[in-house]
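# Working through the structure, step by step
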Number of protein chains: 2
Amino acid sequence: MVDCGEGTQIQLINYKIRRSKISRIFISHLHGDHYFGLIGLINSFSLLGRKQDLHIYGPAPLQQLIELQLKVADTTLCFDLHFHTIRNEGILVEDDKCIIRCFRTNHRIECFGFSFTEKKKPRRLLADKAAELGIPVAFYSWLKSGEDYIAEDGTVIKNETVTAPGPRSCSYAFCADTKYDERLLPHVTGLDMIYHETTYLDHLRDRAELRFHSTTRQAAEIAQKAGVGRLLIGHFSSKYDTLEEFETEAREVFINTDLALEGVTYLAGV
Amino acid sequence: MVDCGEGTQIQLINYKIRRSKISRIFISHLHGDHYFGLIGLINSFSLLGRKQDLHIYGPAPLQQLIELQLKVADTTLCFDLHFHTIRNEGILVEDDKCIIRCFRTNHRIECFGFSFTEKKKPRRLLADKAAELGIPVAFYSWLKSGEDYIAEDGTVIKNETVTAPGPRSCSYAFCADTKYDERLLPHVTGLDMIYHETTYLDHLRDRAELRFHSTTRQAAEIAQKAGVGRLLIGHFSSKYDTLEEFETEAREVFINTDLALEGVTYLAGV
(Lines give C-alpha, C1' and ligand atoms only; values in the text may rest on other atoms or scores of the structure.)
Protein backbone atom coordinates (compact mmCIF):
# COMPACT_ATOMS: atom_id res chain seq x y z
CA MET A 1 0.00 0.00 0.00
CA VAL A 2 1.24 3.48 -0.84
CA ASP A 3 0.15 6.22 1.58
CA CYS A 4 -2.73 5.85 4.00
CA GLY A 5 -4.98 8.87 4.54
CA GLU A 6 -7.80 9.11 7.07
CA GLY A 7 -10.62 6.73 6.20
CA THR A 8 -8.45 4.22 4.31
CA GLN A 9 -10.01 1.42 6.36
CA ILE A 10 -13.48 2.33 5.13
CA GLN A 11 -12.28 2.28 1.53
CA LEU A 12 -10.60 -1.12 2.03
CA ILE A 13 -13.99 -2.42 3.11
CA ASN A 14 -15.90 -0.60 0.34
CA TYR A 15 -13.60 -2.00 -2.34
CA LYS A 16 -13.34 -5.45 -0.74
CA ILE A 17 -9.54 -5.38 -0.49
CA ARG A 18 -8.30 -8.19 1.73
CA ARG A 19 -6.22 -6.85 4.62
CA SER A 20 -3.98 -9.90 4.50
CA LYS A 21 -2.77 -8.79 1.07
CA ILE A 22 -1.12 -5.78 2.69
CA SER A 23 2.33 -6.67 3.94
CA ARG A 24 4.19 -3.41 3.28
CA ILE A 25 3.02 0.18 3.58
CA PHE A 26 5.02 3.00 2.01
CA ILE A 27 4.39 6.52 3.34
CA SER A 28 5.63 9.27 1.02
CA HIS A 29 5.60 12.16 3.51
CA LEU A 30 4.02 13.37 6.72
CA HIS A 31 1.21 15.57 5.48
CA GLY A 32 -2.03 14.32 6.99
CA ASP A 33 -3.80 13.33 3.78
CA HIS A 34 -1.01 10.81 3.23
CA TYR A 35 -0.75 9.12 6.63
CA PHE A 36 -3.46 10.04 9.19
CA GLY A 37 -5.18 6.69 8.56
CA LEU A 38 -2.10 4.60 9.31
CA ILE A 39 -2.36 4.38 13.10
CA GLY A 40 -6.02 3.37 12.87
CA LEU A 41 -5.24 0.71 10.28
CA ILE A 42 -2.44 -0.72 12.46
CA ASN A 43 -4.83 -0.79 15.45
CA SER A 44 -7.53 -2.54 13.51
CA PHE A 45 -5.07 -5.13 12.18
CA SER A 46 -4.31 -5.95 15.80
CA LEU A 47 -7.94 -5.96 16.98
CA LEU A 48 -8.70 -8.37 14.14
CA GLY A 49 -5.94 -10.71 15.30
CA ARG A 50 -3.43 -10.28 12.48
CA LYS A 51 -0.46 -12.64 12.79
CA GLN A 52 1.47 -11.63 9.66
CA ASP A 53 4.37 -9.15 9.97
CA LEU A 54 3.78 -5.61 8.72
CA HIS A 55 6.56 -3.48 7.24
CA ILE A 56 6.30 0.29 7.19
CA TYR A 57 8.55 2.54 5.14
CA GLY A 58 8.51 6.29 5.67
CA PRO A 59 10.34 9.45 6.73
CA ALA A 60 12.10 9.54 10.09
CA PRO A 61 9.46 10.93 12.52
CA LEU A 62 6.85 8.36 11.47
CA GLN A 63 8.18 5.63 13.75
CA GLN A 64 8.28 8.02 16.73
CA LEU A 65 4.69 9.12 16.05
CA ILE A 66 3.24 5.65 15.70
CA GLU A 67 5.14 4.29 18.68
CA LEU A 68 4.00 7.22 20.83
CA GLN A 69 0.38 6.62 19.85
CA LEU A 70 0.66 2.93 20.70
CA LYS A 71 2.37 3.76 24.01
CA VAL A 72 -0.20 6.27 25.29
CA ALA A 73 -2.97 3.79 24.49
CA ASP A 74 -1.04 1.03 26.28
CA THR A 75 -1.44 -1.06 23.13
CA THR A 76 0.54 -4.22 22.51
CA LEU A 77 0.13 -5.35 18.91
CA CYS A 78 -0.48 -9.02 18.26
CA PHE A 79 1.80 -8.99 15.20
CA ASP A 80 5.32 -7.74 14.47
CA LEU A 81 5.58 -4.21 13.16
CA HIS A 82 8.84 -3.36 11.40
CA PHE A 83 9.78 0.24 10.70
CA HIS A 84 12.15 1.07 7.88
CA THR A 85 13.09 4.73 8.06
CA ILE A 86 13.77 6.20 4.63
CA ARG A 87 16.83 8.41 4.70
CA ASN A 88 18.15 8.19 1.14
CA GLU A 89 17.15 7.28 -2.37
CA GLY A 90 17.70 3.63 -3.28
CA ILE A 91 16.34 0.13 -3.02
CA LEU A 92 13.85 -0.49 -0.20
CA VAL A 93 12.84 -4.06 -1.01
CA GLU A 94 14.20 -6.69 -3.34
CA ASP A 95 13.02 -10.24 -3.66
CA ASP A 96 13.04 -12.71 -6.54
CA LYS A 97 10.04 -11.07 -8.19
CA CYS A 98 10.27 -7.36 -7.66
CA ILE A 99 12.43 -4.36 -6.79
CA ILE A 100 10.94 -1.42 -4.89
CA ARG A 101 12.93 1.80 -4.92
CA CYS A 102 12.38 5.25 -3.44
CA PHE A 103 13.43 8.60 -4.83
CA ARG A 104 13.13 12.18 -3.61
CA THR A 105 10.41 14.45 -4.92
CA ASN A 106 10.36 18.22 -4.53
CA HIS A 107 7.76 19.10 -1.91
CA ARG A 108 7.48 21.51 1.03
CA ILE A 109 8.65 18.84 3.45
CA GLU A 110 10.80 15.76 2.86
CA CYS A 111 8.92 13.54 0.44
CA PHE A 112 9.63 10.32 -1.44
CA GLY A 113 8.19 8.66 -4.52
CA PHE A 114 8.27 4.89 -4.99
CA SER A 115 8.91 2.71 -8.05
CA PHE A 116 7.88 -0.91 -8.37
CA THR A 117 9.65 -2.98 -11.00
CA GLU A 118 8.87 -6.61 -11.63
CA LYS A 119 11.92 -8.68 -12.46
CA LYS A 120 12.18 -10.42 -15.81
CA LYS A 121 9.84 -13.40 -15.80
CA PRO A 122 10.91 -16.88 -17.04
CA ARG A 123 10.19 -17.84 -20.68
CA ARG A 124 7.28 -20.17 -21.26
CA LEU A 125 8.43 -23.73 -22.08
CA LEU A 126 6.97 -25.43 -25.17
CA ALA A 127 7.00 -28.83 -23.44
CA ASP A 128 5.81 -30.88 -26.43
CA LYS A 129 8.51 -29.42 -28.61
CA ALA A 130 11.22 -29.96 -25.99
CA ALA A 131 10.15 -33.58 -25.51
CA GLU A 132 10.06 -34.17 -29.28
CA LEU A 133 13.64 -32.92 -29.53
CA GLY A 134 14.66 -35.24 -26.70
CA ILE A 135 15.69 -32.59 -24.16
CA PRO A 136 15.79 -34.16 -20.65
CA VAL A 137 13.29 -32.71 -18.17
CA ALA A 138 16.17 -31.75 -15.85
CA PHE A 139 17.09 -28.98 -18.31
CA TYR A 140 13.65 -27.36 -18.47
CA SER A 141 14.31 -24.64 -15.85
CA TRP A 142 17.54 -23.89 -17.73
CA LEU A 143 15.49 -23.39 -20.89
CA LYS A 144 13.00 -21.15 -19.07
CA SER A 145 15.84 -18.86 -18.04
CA GLY A 146 16.57 -18.31 -21.76
CA GLU A 147 19.58 -20.57 -22.34
CA ASP A 148 20.16 -22.81 -25.37
CA TYR A 149 20.39 -26.59 -24.96
CA ILE A 150 23.61 -28.31 -25.95
CA ALA A 151 23.25 -32.07 -26.32
CA GLU A 152 26.00 -34.49 -25.38
CA ASP A 153 26.98 -34.81 -29.06
CA GLY A 154 27.42 -31.01 -29.27
CA THR A 155 24.16 -30.32 -31.14
CA VAL A 156 22.76 -26.89 -30.20
CA ILE A 157 19.03 -26.37 -29.84
CA LYS A 158 18.34 -22.64 -29.85
CA ASN A 159 16.23 -21.50 -26.94
CA GLU A 160 13.62 -19.84 -29.21
CA THR A 161 12.86 -23.28 -30.71
CA VAL A 162 11.53 -24.69 -27.44
CA THR A 163 10.29 -21.63 -25.50
CA ALA A 164 8.03 -18.66 -26.06
CA PRO A 165 8.35 -15.28 -24.36
CA GLY A 166 7.10 -15.30 -20.77
CA PRO A 167 4.53 -12.85 -19.47
CA ARG A 168 5.93 -9.33 -19.64
CA SER A 169 7.22 -7.64 -16.51
CA CYS A 170 5.54 -4.44 -15.44
CA SER A 171 6.78 -1.30 -13.80
CA TYR A 172 5.04 1.54 -12.02
CA ALA A 173 6.06 4.63 -10.07
CA PHE A 174 4.11 6.77 -7.64
CA CYS A 175 5.63 10.23 -7.82
CA ALA A 176 3.98 11.50 -4.60
CA ASP A 177 3.46 15.23 -3.97
CA THR A 178 5.92 17.33 -5.93
CA LYS A 179 6.46 20.48 -7.89
CA TYR A 180 7.70 20.11 -11.46
CA ASP A 181 11.20 18.75 -11.19
CA GLU A 182 13.14 16.98 -13.94
CA ARG A 183 15.28 15.26 -11.33
CA LEU A 184 12.44 12.76 -11.21
CA LEU A 185 13.20 11.64 -14.76
CA PRO A 186 16.02 9.14 -14.11
CA HIS A 187 13.78 7.33 -11.64
CA VAL A 188 10.79 6.93 -13.90
CA THR A 189 12.16 6.85 -17.44
CA GLY A 190 10.80 3.99 -19.53
CA LEU A 191 8.38 2.71 -16.89
CA ASP A 192 5.06 1.25 -17.98
CA MET A 193 2.97 3.57 -15.86
CA ILE A 194 3.52 6.47 -13.51
CA TYR A 195 1.25 8.40 -11.22
CA HIS A 196 2.08 12.11 -11.06
CA GLU A 197 0.07 14.64 -9.09
CA THR A 198 -1.82 17.47 -10.81
CA THR A 199 -3.16 19.59 -7.98
CA TYR A 200 -3.97 22.43 -10.37
CA LEU A 201 -4.94 23.12 -13.95
CA ASP A 202 -2.18 24.78 -15.93
CA HIS A 203 -3.39 28.36 -15.48
CA LEU A 204 -2.25 28.13 -11.84
CA ARG A 205 1.42 27.35 -12.55
CA ASP A 206 2.55 30.09 -10.20
CA ARG A 207 0.44 28.83 -7.34
CA ALA A 208 1.63 25.28 -8.00
CA GLU A 209 5.24 26.43 -7.83
CA LEU A 210 4.60 28.32 -4.60
CA ARG A 211 2.88 25.38 -2.92
CA PHE A 212 5.23 22.68 -4.18
CA HIS A 213 2.56 21.09 -6.37
CA SER A 214 2.20 20.49 -10.11
CA THR A 215 -0.20 21.29 -12.91
CA THR A 216 -1.70 19.06 -15.58
CA ARG A 217 0.76 20.02 -18.28
CA GLN A 218 3.73 19.74 -15.96
CA ALA A 219 2.81 16.17 -15.03
CA ALA A 220 2.30 15.36 -18.70
CA GLU A 221 5.70 16.88 -19.57
CA ILE A 222 7.37 14.58 -17.05
CA ALA A 223 5.53 11.59 -18.55
CA GLN A 224 6.45 12.63 -22.06
CA LYS A 225 10.13 13.33 -21.30
CA ALA A 226 10.39 10.05 -19.36
CA GLY A 227 8.82 8.15 -22.25
CA VAL A 228 6.52 6.19 -19.98
CA GLY A 229 3.68 4.03 -21.28
CA ARG A 230 0.88 5.63 -19.37
CA LEU A 231 0.26 8.52 -17.00
CA LEU A 232 -2.22 8.59 -14.14
CA ILE A 233 -3.03 11.99 -12.67
CA GLY A 234 -4.58 12.78 -9.30
CA HIS A 235 -4.45 14.86 -6.10
CA PHE A 236 -6.85 17.36 -7.66
CA SER A 237 -7.51 20.52 -5.65
CA SER A 238 -10.99 20.53 -4.13
CA LYS A 239 -11.51 24.01 -5.62
CA TYR A 240 -12.47 22.37 -8.93
CA ASP A 241 -15.99 21.03 -9.36
CA THR A 242 -15.27 18.77 -12.32
CA LEU A 243 -12.19 16.91 -13.50
CA GLU A 244 -12.70 16.88 -17.26
CA GLU A 245 -10.30 19.73 -17.89
CA PHE A 246 -7.54 17.90 -16.02
CA GLU A 247 -7.76 15.09 -18.53
CA THR A 248 -8.06 17.42 -21.52
CA GLU A 249 -5.08 19.59 -20.58
CA ALA A 250 -2.78 16.70 -19.72
CA ARG A 251 -3.69 14.81 -22.91
CA GLU A 252 -2.69 17.82 -25.02
CA VAL A 253 0.89 17.10 -23.92
CA PHE A 254 0.74 13.33 -23.29
CA ILE A 255 -2.14 11.49 -24.91
CA ASN A 256 -1.96 8.34 -22.81
CA THR A 257 -3.19 10.06 -19.64
CA ASP A 258 -6.01 8.94 -17.36
CA LEU A 259 -7.59 10.41 -14.26
CA ALA A 260 -6.82 8.32 -11.18
CA LEU A 261 -10.35 7.79 -9.87
CA GLU A 262 -11.34 6.27 -6.56
CA GLY A 263 -12.13 2.57 -6.77
CA VAL A 264 -10.82 2.04 -10.31
CA THR A 265 -8.02 -0.47 -11.01
CA TYR A 266 -5.36 0.58 -13.52
CA LEU A 267 -2.98 -2.04 -14.84
CA ALA A 268 0.58 -1.04 -15.63
CA GLY A 269 1.84 -2.34 -18.96
CA VAL A 270 -1.59 -3.11 -20.41
CA MET B 1 -17.67 18.04 20.79
CA VAL B 2 -16.92 15.03 22.95
CA ASP B 3 -14.32 12.63 21.52
CA CYS B 4 -13.32 12.55 17.87
CA GLY B 5 -12.72 9.17 16.25
CA GLU B 6 -11.40 8.57 12.74
CA GLY B 7 -13.89 9.75 10.15
CA THR B 8 -15.56 12.38 12.36
CA GLN B 9 -15.13 14.92 9.56
CA ILE B 10 -17.16 12.75 7.18
CA GLN B 11 -19.94 12.47 9.74
CA LEU B 12 -19.95 16.23 10.33
CA ILE B 13 -20.57 16.60 6.61
CA ASN B 14 -23.15 13.80 6.47
CA TYR B 15 -25.14 15.27 9.34
CA LYS B 16 -24.66 18.89 8.20
CA ILE B 17 -23.09 20.03 11.48
CA ARG B 18 -21.53 23.45 11.08
CA ARG B 19 -17.84 23.44 11.96
CA SER B 20 -18.10 26.94 13.38
CA LYS B 21 -20.37 25.60 16.13
CA ILE B 22 -17.44 23.62 17.50
CA SER B 23 -15.38 25.76 19.85
CA ARG B 24 -14.33 23.16 22.45
CA ILE B 25 -13.38 19.51 22.00
CA PHE B 26 -13.22 17.19 25.00
CA ILE B 27 -11.18 13.99 24.60
CA SER B 28 -11.97 11.35 27.22
CA HIS B 29 -8.89 9.14 26.72
CA LEU B 30 -6.24 8.17 24.23
CA HIS B 31 -7.65 5.00 22.70
CA GLY B 32 -7.84 5.46 18.96
CA ASP B 33 -11.60 5.23 18.52
CA HIS B 34 -11.87 8.32 20.72
CA TYR B 35 -9.29 10.66 19.17
CA PHE B 36 -7.70 9.48 15.90
CA GLY B 37 -9.89 11.93 13.96
CA LEU B 38 -8.79 14.98 15.95
CA ILE B 39 -5.59 15.85 14.09
CA GLY B 40 -7.39 15.64 10.74
CA LEU B 41 -10.22 17.84 11.97
CA ILE B 42 -7.73 20.44 13.24
CA ASN B 43 -5.96 20.38 9.88
CA SER B 44 -9.17 20.79 7.95
CA PHE B 45 -10.26 23.69 10.15
CA SER B 46 -7.04 25.40 9.15
CA LEU B 47 -7.29 24.54 5.45
CA LEU B 48 -10.80 25.99 5.47
CA GLY B 49 -9.50 29.25 6.96
CA ARG B 50 -10.98 29.05 10.45
CA LYS B 51 -10.37 32.21 12.47
CA GLN B 52 -12.16 31.25 15.70
CA ASP B 53 -10.10 29.89 18.63
CA LEU B 54 -10.34 26.16 19.34
CA HIS B 55 -10.02 24.74 22.86
CA ILE B 56 -9.00 21.13 23.39
CA TYR B 57 -9.34 19.33 26.71
CA GLY B 58 -7.74 15.93 27.20
CA PRO B 59 -5.20 13.74 29.01
CA ALA B 60 -1.59 14.88 29.16
CA PRO B 61 0.05 13.26 26.11
CA LEU B 62 -2.57 14.64 23.71
CA GLN B 63 -0.92 18.03 23.37
CA GLN B 64 2.47 16.44 22.69
CA LEU B 65 0.94 14.18 20.03
CA ILE B 66 -0.94 16.90 18.20
CA GLU B 67 1.96 19.35 18.34
CA LEU B 68 4.36 16.70 17.02
CA GLN B 69 2.03 15.95 14.12
CA LEU B 70 1.76 19.65 13.26
CA LYS B 71 5.53 20.06 13.53
CA VAL B 72 6.52 17.19 11.24
CA ALA B 73 4.07 18.50 8.64
CA ASP B 74 5.50 22.02 9.03
CA THR B 75 1.93 23.20 9.57
CA THR B 76 1.12 26.63 10.94
CA LEU B 77 -2.54 26.83 11.86
CA CYS B 78 -4.45 29.94 10.87
CA PHE B 79 -6.34 30.00 14.19
CA ASP B 80 -5.35 29.77 17.85
CA LEU B 81 -5.34 26.29 19.35
CA HIS B 82 -5.49 26.15 23.14
CA PHE B 83 -4.68 22.95 24.99
CA HIS B 84 -6.10 22.34 28.44
CA THR B 85 -4.50 19.27 29.93
CA ILE B 86 -6.84 17.42 32.28
CA ARG B 87 -5.04 16.32 35.41
CA ASN B 88 -7.78 16.22 38.02
CA GLU B 89 -11.52 16.07 38.43
CA GLY B 90 -13.25 19.45 38.56
CA ILE B 91 -14.56 22.35 36.54
CA LEU B 92 -13.13 22.71 33.03
CA VAL B 93 -15.28 25.56 31.75
CA GLU B 94 -17.66 27.98 33.40
CA ASP B 95 -19.43 30.86 31.76
CA ASP B 96 -22.73 32.61 32.48
CA LYS B 97 -24.74 29.84 30.84
CA CYS B 98 -23.06 26.55 31.59
CA ILE B 99 -20.62 24.59 33.75
CA ILE B 100 -18.58 21.77 32.24
CA ARG B 101 -16.92 19.38 34.66
CA CYS B 102 -14.75 16.30 34.25
CA PHE B 103 -14.59 13.22 36.43
CA ARG B 104 -12.53 10.03 36.39
CA THR B 105 -13.95 6.82 34.98
CA ASN B 106 -12.48 3.38 35.54
CA HIS B 107 -10.81 2.28 32.32
CA ARG B 108 -7.58 0.52 31.31
CA ILE B 109 -5.84 3.85 30.79
CA GLU B 110 -6.55 7.27 32.32
CA CYS B 111 -10.03 8.27 31.24
CA PHE B 112 -12.42 11.13 32.00
CA GLY B 113 -16.15 11.63 31.68
CA PHE B 114 -17.70 15.06 31.20
CA SER B 115 -20.83 16.66 32.59
CA PHE B 116 -22.58 19.67 31.10
CA THR B 117 -24.93 21.63 33.34
CA GLU B 118 -26.85 24.64 32.17
CA LYS B 119 -27.14 27.36 34.78
CA LYS B 120 -30.55 28.44 36.05
CA LYS B 121 -32.21 30.49 33.33
CA PRO B 122 -33.95 33.84 34.00
CA ARG B 123 -37.70 33.85 34.70
CA ARG B 124 -39.97 35.00 31.90
CA LEU B 125 -41.31 38.53 32.44
CA LEU B 126 -45.07 39.05 32.09
CA ALA B 127 -44.54 42.52 30.60
CA ASP B 128 -48.23 43.52 30.38
CA LYS B 129 -48.77 42.65 34.02
CA ALA B 130 -45.64 44.52 35.14
CA ALA B 131 -46.68 47.61 33.17
CA GLU B 132 -50.21 47.44 34.57
CA LEU B 133 -48.80 47.43 38.12
CA GLY B 134 -46.63 50.42 37.26
CA ILE B 135 -43.23 48.77 37.65
CA PRO B 136 -40.57 50.87 35.86
CA VAL B 137 -38.82 49.14 32.94
CA ALA B 138 -35.47 49.62 34.68
CA PHE B 139 -36.48 46.92 37.17
CA TYR B 140 -37.37 44.26 34.60
CA SER B 141 -34.00 42.41 34.67
CA TRP B 142 -34.28 42.46 38.49
CA LEU B 143 -37.65 40.74 38.17
CA LYS B 144 -36.27 38.14 35.72
CA SER B 145 -33.66 37.16 38.29
CA GLY B 146 -36.54 36.22 40.66
CA GLU B 147 -36.62 39.20 43.02
CA ASP B 148 -39.77 40.93 44.29
CA TYR B 149 -40.43 44.60 43.45
CA ILE B 150 -40.66 47.08 46.32
CA ALA B 151 -42.24 50.37 45.30
CA GLU B 152 -41.14 53.73 46.75
CA ASP B 153 -44.15 53.67 49.11
CA GLY B 154 -43.08 50.28 50.46
CA THR B 155 -45.67 48.23 48.58
CA VAL B 156 -44.32 44.76 47.73
CA ILE B 157 -45.20 43.11 44.45
CA LYS B 158 -44.33 39.40 44.70
CA ASN B 159 -42.16 38.14 41.85
CA GLU B 160 -44.64 35.34 40.94
CA THR B 161 -47.24 38.01 40.13
CA VAL B 162 -45.23 39.47 37.25
CA THR B 163 -43.07 36.57 36.03
CA ALA B 164 -43.49 32.98 34.96
CA PRO B 165 -40.86 30.21 35.28
CA GLY B 166 -38.15 30.47 32.63
CA PRO B 167 -37.19 27.60 30.36
CA ARG B 168 -35.80 24.74 32.42
CA SER B 169 -32.05 24.15 32.56
CA CYS B 170 -30.73 20.85 31.26
CA SER B 171 -27.88 18.64 32.32
CA TYR B 172 -26.07 15.79 30.61
CA ALA B 173 -23.05 13.63 31.33
CA PHE B 174 -20.92 11.51 29.01
CA CYS B 175 -19.49 8.71 31.14
CA ALA B 176 -16.83 7.67 28.58
CA ASP B 177 -15.34 4.15 28.61
CA THR B 178 -15.56 2.56 32.03
CA LYS B 179 -16.15 -0.60 33.96
CA TYR B 180 -19.00 -0.57 36.50
CA ASP B 181 -17.94 1.84 39.20
CA GLU B 182 -20.22 3.56 41.69
CA ARG B 183 -17.67 6.31 42.15
CA LEU B 184 -19.34 7.80 39.06
CA LEU B 185 -22.56 8.36 41.00
CA PRO B 186 -21.77 11.68 42.72
CA HIS B 187 -20.88 13.16 39.34
CA VAL B 188 -24.06 12.17 37.56
CA THR B 189 -26.74 11.98 40.25
CA GLY B 190 -29.92 13.79 39.33
CA LEU B 191 -28.85 14.77 35.84
CA ASP B 192 -31.43 14.90 33.07
CA MET B 193 -29.58 12.50 30.79
CA ILE B 194 -26.41 10.46 30.89
CA TYR B 195 -24.60 8.39 28.31
CA HIS B 196 -23.03 5.22 29.72
CA GLU B 197 -21.21 2.63 27.63
CA THR B 198 -22.56 -0.91 27.26
CA THR B 199 -19.88 -2.73 25.32
CA TYR B 200 -21.41 -6.12 26.18
CA LEU B 201 -24.71 -7.75 26.97
CA ASP B 202 -24.99 -8.82 30.58
CA HIS B 203 -23.92 -12.45 30.06
CA LEU B 204 -20.38 -11.14 29.46
CA ARG B 205 -19.94 -9.44 32.86
CA ASP B 206 -16.63 -11.18 33.43
CA ARG B 207 -15.25 -10.11 30.09
CA ALA B 208 -16.49 -6.56 30.72
CA GLU B 209 -14.69 -6.48 34.06
CA LEU B 210 -11.50 -7.81 32.50
CA ARG B 211 -11.52 -5.27 29.68
CA PHE B 212 -12.62 -2.29 31.75
CA HIS B 213 -15.97 -2.06 30.00
CA SER B 214 -19.60 -2.34 31.13
CA THR B 215 -22.68 -4.38 30.35
CA THR B 216 -26.25 -3.29 29.70
CA ARG B 217 -27.49 -3.98 33.21
CA GLN B 218 -24.47 -2.34 34.80
CA ALA B 219 -25.06 0.89 32.87
CA ALA B 220 -28.74 0.76 33.79
CA GLU B 221 -27.85 0.22 37.46
CA ILE B 222 -25.74 3.37 37.43
CA ALA B 223 -28.62 5.30 35.82
CA GLN B 224 -31.09 3.92 38.33
CA LYS B 225 -28.90 4.56 41.37
CA ALA B 226 -28.09 8.07 40.13
CA GLY B 227 -31.77 8.79 39.58
CA VAL B 228 -31.18 10.35 36.18
CA GLY B 229 -33.98 11.23 33.80
CA ARG B 230 -32.79 9.26 30.83
CA LEU B 231 -30.02 6.85 29.88
CA LEU B 232 -28.34 6.58 26.50
CA ILE B 233 -26.28 3.46 25.87
CA GLY B 234 -23.63 2.91 23.23
CA HIS B 235 -20.10 1.63 22.41
CA PHE B 236 -21.57 -1.73 21.46
CA SER B 237 -19.06 -4.48 20.69
CA SER B 238 -18.94 -5.25 16.97
CA LYS B 239 -19.38 -8.94 17.85
CA TYR B 240 -23.14 -8.38 18.05
CA ASP B 241 -25.17 -8.31 14.84
CA THR B 242 -28.22 -6.56 16.26
CA LEU B 243 -28.76 -4.10 19.10
CA GLU B 244 -32.28 -4.99 20.22
CA GLU B 245 -31.13 -7.03 23.20
CA PHE B 246 -29.05 -4.11 24.49
CA GLU B 247 -32.22 -2.06 24.77
CA THR B 248 -34.26 -4.91 26.26
CA GLU B 249 -31.71 -5.82 28.92
CA ALA B 250 -31.04 -2.25 30.02
CA ARG B 251 -34.74 -1.40 30.17
CA GLU B 252 -35.33 -4.31 32.54
CA VAL B 253 -33.33 -2.32 35.08
CA PHE B 254 -33.97 1.25 33.92
CA ILE B 255 -36.96 1.76 31.69
CA ASN B 256 -36.01 5.17 30.31
CA THR B 257 -33.12 3.83 28.26
CA ASP B 258 -32.42 4.45 24.60
CA LEU B 259 -29.80 3.21 22.19
CA ALA B 260 -27.43 5.99 21.14
CA LEU B 261 -27.69 5.67 17.36
CA GLU B 262 -25.58 7.43 14.77
CA GLY B 263 -27.17 10.58 13.42
CA VAL B 264 -29.98 10.79 15.96
CA THR B 265 -30.39 13.84 18.22
CA TYR B 266 -31.34 13.18 21.85
CA LEU B 267 -32.48 16.12 23.97
CA ALA B 268 -31.61 16.13 27.66
CA GLY B 269 -34.51 17.08 29.89
CA VAL B 270 -37.22 16.40 27.32
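Residues numbered from 1 in each chain as written. Chains lettered and ligands numbered in written order. Predicted model: local features only at pLDDT ≥ 70, side-chain atom pairs only at ≥ 80, totals over all residues. Heavy atoms only, no water.

## Comments concerning the relation of the copies chain B and chain A
Screw-axis analysis of chain B against chain A gives a translation of 0.0 Å along the axis, an RMSD of 0.2 Å, and a rotation angle of 179°. On this basis, the relationship between the two copies can be described by a two-fold rotation axis. Across chain B, the rotation axis passes nearest the C-alpha of Gly-7 of chain B, at a separation of 3.0 Å. Both copies contact each other with a shared surface, as 100% of the interface residues of chain B are interface residues in chain A too. (Least-squares fit on C-alpha atoms with pLDDT ≥ 70 in both. Contact = heavy atoms within 4.5 Å.)

## Concerning the sheet that holds strand β2 (residues 54–58) of chain A
All names here are of chain A. If you walk across this open sheet you meet the three strands as β1-β2-β3, and the pairing is parallel. Strand pairing shows two members of the sheet lacking a second neighbour, β1 (24–26) and β3 (81–85), which therefore form its edges. The average angle at which neighbouring strand axes cross in this sheet is 15°, direction not considered. Looking at chain direction, β1 and β2 are connected through three bridges and run parallel. Bridging across to β2, Ile-25 finds its partner in Ile-56. Strand contacts of helix α2 (residues 38–47): β1, β2 and β3, with the helix running at about 170° to β2, the strand carrying the most contacts. Sheet contacts for helix α3 (residues 61–72): β2 and β3; angle to β3, the most-contacted strand, approximately 150°. (Pairing = 2+ DSSP bridges. Helix = DSSP H or I, 4+ residues; strand = E, 2+ residues; numbered from the N terminus. Axes fitted to C-alpha atoms, helices over the stretch in contact; angles between N-to-C directions.)

## Some points on the sheet that holds strand β3 (residues 81–85) of chain B
Residue and element names in this part refer to chain B. The strand order β1-β2-β3 describes an open sheet built from three strands, whose pairing is parallel. Across the chains shown, the open sheet's two edge strands, defined by having one partner strand only, are β1 (24–26) and β3. In this sheet, adjacent strand axes meet at a mean angle of 15° when their direction is disregarded. By the bridge criterion, five bridges tie strand β2 (residues 54–58) to β3 in an arrangement that is parallel. Bridged to Gly-58 within β3 is Thr-85. Contacts between helix α2 (residues 38–47) and the sheet are confined to β1, β2 and β3, with β2 contributing the most and set at about 170° to the helix.

## Regarding the confidence of the model for chain A
Per-chain confidence: chain A averages 96 in pLDDT, with 100% of residues scoring 70 or above. Among the scores for the predicted complex, ipTM is 0.85 and pTM is 0.88. (pLDDT = per-residue confidence, 0-100.)

## Concerning unusual backbone geometry
Residues and elements named next belong to chain B. Even without being a glycine, Lys-16 presents a positive backbone phi close to 50°. Along the chain, Lys-16 turns up in the loop between α1 (8–14) and β1. For Lys-16, a relative accessible area of 73% gives the class exposed. At Ala-176, a residue that is not glycine, the phi angle is positive and equals roughly 55°. Following the sequence through the fold, Ala-176 ends up in the loop between β11 (171–174) and α7 (185–188). (Buried < 20%, exposed > 50% of the residue type's maximum accessible area, 1.4 Å probe, protein only.)

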